[in-house]
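# Observations on the three-dimensional arrangement
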Amino acid sequence: HHLSVRLLDDGHTVTGLSNWRDMDTCFTKPLAGRMKHFLVDICDPWAVKDFFRTRSFDAIFHLAGQSLISISGNNPLWSYQLNVLGTVNLLQALVDRDLRPKLIQLSSSSDVYGDVPADEQPIKEDRRLRPDTIYASSKGAMELAGLQFSVEHGLSVVVTRLFTCAGPMQRDDVLVGFLAKRCAQIAKGLVPPILGMGRLENKRSYIDARDAVVAYASLLGIEGDRFSVYNVTGSEVWTISQIVWEISELVKRAGGPEIEVRFDPSKVRTRDKLVQIGNGEKLLAATGFVPKIEFKKTLQDSFDWWMQNV
């Protein structure tokens, strides 16, 4: 949604593909009339190839995939089907139709770097990949597929490794989305004022989703290698404890109660990274991209969105 809005506001003609069964969602409905949207399952190679039978595009932004670490561990096959085979279906369809967009962006993740020692951060793109989860390895395999198609078929592929991202409309099975929704429920008196949390000392560099899509759109202006990789990261570093405190203050300012934070061992990941901070200098040098949205505003806007939507 955020990327579509950004590209439309920049004057581009945008076509969207997804497998939303309900087309009347909070993500697609606001864009009705501004863009075309098609129901296509990226895991179906024939459907993807058929879509490109009579269509061509200057650029393709590939954000489809299974993005939850918790789910990937329980269902690795599904994660590989979406993240790896889905990407191969897309790239193969372009090759089969002899299409060569100027840009094919593949959305990867900072998780491909694995658990990097704190004294070796911020993390740069030339860091050796050490994926330590099914999700991370599926994204690493997706990157390799992009490299192979670039080398063998001449496709112009740019991989973006997104560091921790948050913002309004974020689903509630990731940290900030969960906190924003639960605290909105607390502020409205719908649930008890208790938060069950895992490790609070974890530290990340955060980027607002609305800034991340500005970074993606900026790739339209780059020229260079057939295959390239860029970190997409924010410049602000927060601990989970700081985020919990900030959102708890938003609850009080909305007239809600004091929140009690309790340790919940079920919220602790088996392969968790205490610190993950990205280096965005390569993208800055190539496009001039600098994050502009302060993370406090990200939290405020996320909380406000859920206050309107719980």
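Residues numbered from 1 in each chain as written. Predicted model: local features only at pLDDT ≥ 70, side-chain atom pairs only at ≥ 80, totals over all residues. Heavy atoms only, no water.

### Brief notes about the overall build of the protein
Counted only if it meets this: Put simply, DSSP marks the helices as runs of H or I at least four residues long and the strands as runs of E at least two long, and each gets a number from the N terminus on. The atom set for the radius of gyration is the C-alpha atoms, and the globule formula is 2.2 Å times the number of residues raised to the power 0.38. Should any heavy atoms of two residues lie within 4.5 Å, those residues are counted as being in contact. Per-residue accessibility takes into account occlusion by the displayed protein chains alone, with areas from the Shrake-Rupley method and a 1.4 Å probe. Just so you know, the count uses Lys and Arg for positive and Asp and Glu for negative, and it drops His and the chain ends. Where a charge lies is defined by one atom per residue type: Lys uses NZ, Arg uses CZ, Asp uses CG and Glu uses CD.
Along the backbone of the protein there are ten helices and twelve strands. Relative to the compact-globule value of 19 Å for 310 residues, the protein shows a C-alpha radius of gyration of 20 Å, a close match. Each principal axis of the C-alpha atoms in the protein carries an extent, and together these give about 60 × 45 × 40 Å. The contacts in the protein between residues at least 6 apart in sequence include a share of 79% that link residues at least 24 apart. By element, 51% of the accessible surface of the protein is carried by carbon and sulfur atoms, the whole surface being about 15,500 Å². Between the mean site of the 37 positive side-chain charges and the mean site of the 37 negative ones, the protein shows a separation of 2 Å.

### Brief notes about the pairing of strand E5 (residues 157-162)
Keep this limit in mind: Between buried and exposed lies partly exposed: a residue is buried under 20% and exposed over 50% of the maximum accessible area for its type, with that area taken using a 1.4 Å probe on protein chains only. Whether two strands pair depends on DSSP finding at least two bridges between them. Crossovers are described as right-handed under a simple rule: with the strands pointing away from the observer, the path leading from the first strand over the helix to the second runs clockwise.
The element E5 is extensively covered by neighbouring structure, given that six of its six residues are classed as buried. Every second residue of E5 is oriented toward a common face, with Val157, Val159 and Arg161 on one face and Val158, Thr160 and Leu162 on the other, all of them buried. Where strand E4 (residues 103-109) and E5 come together, six bridges link them in parallel fashion. The residue bridging Ser108 from the neighbouring strand is Arg161, located in E5. The β-α-β motif built from E4, the intervening helix H5 (residues 134-153) and the parallel element E5 has right-handed crossover chirality.

### Some points on the packing of aromatic side chains
Put simply, the test is: Pairs were defined over the aromatic rings of Phe, Tyr and Trp, the Trp ring being its six-membered one, requiring ring centres within 6.5 Å. Orientation was assigned from the angle between planes: stacked under 30 degrees, edge-to-face over 60, tilted for the rest.
Summed over the entire model, instances satisfying the criterion amount to eight aromatic pairs. Judged by centre distance (5.1 Å) and plane angle (85°), the rings of Phe51 and Phe52 are edge-to-face. The exposure class of Phe52 is buried, given its relative accessible area of 5%. Of the aromatic side chains, those joined through ring pairs into one cluster are Phe38, Phe51, Phe52 and Phe57.

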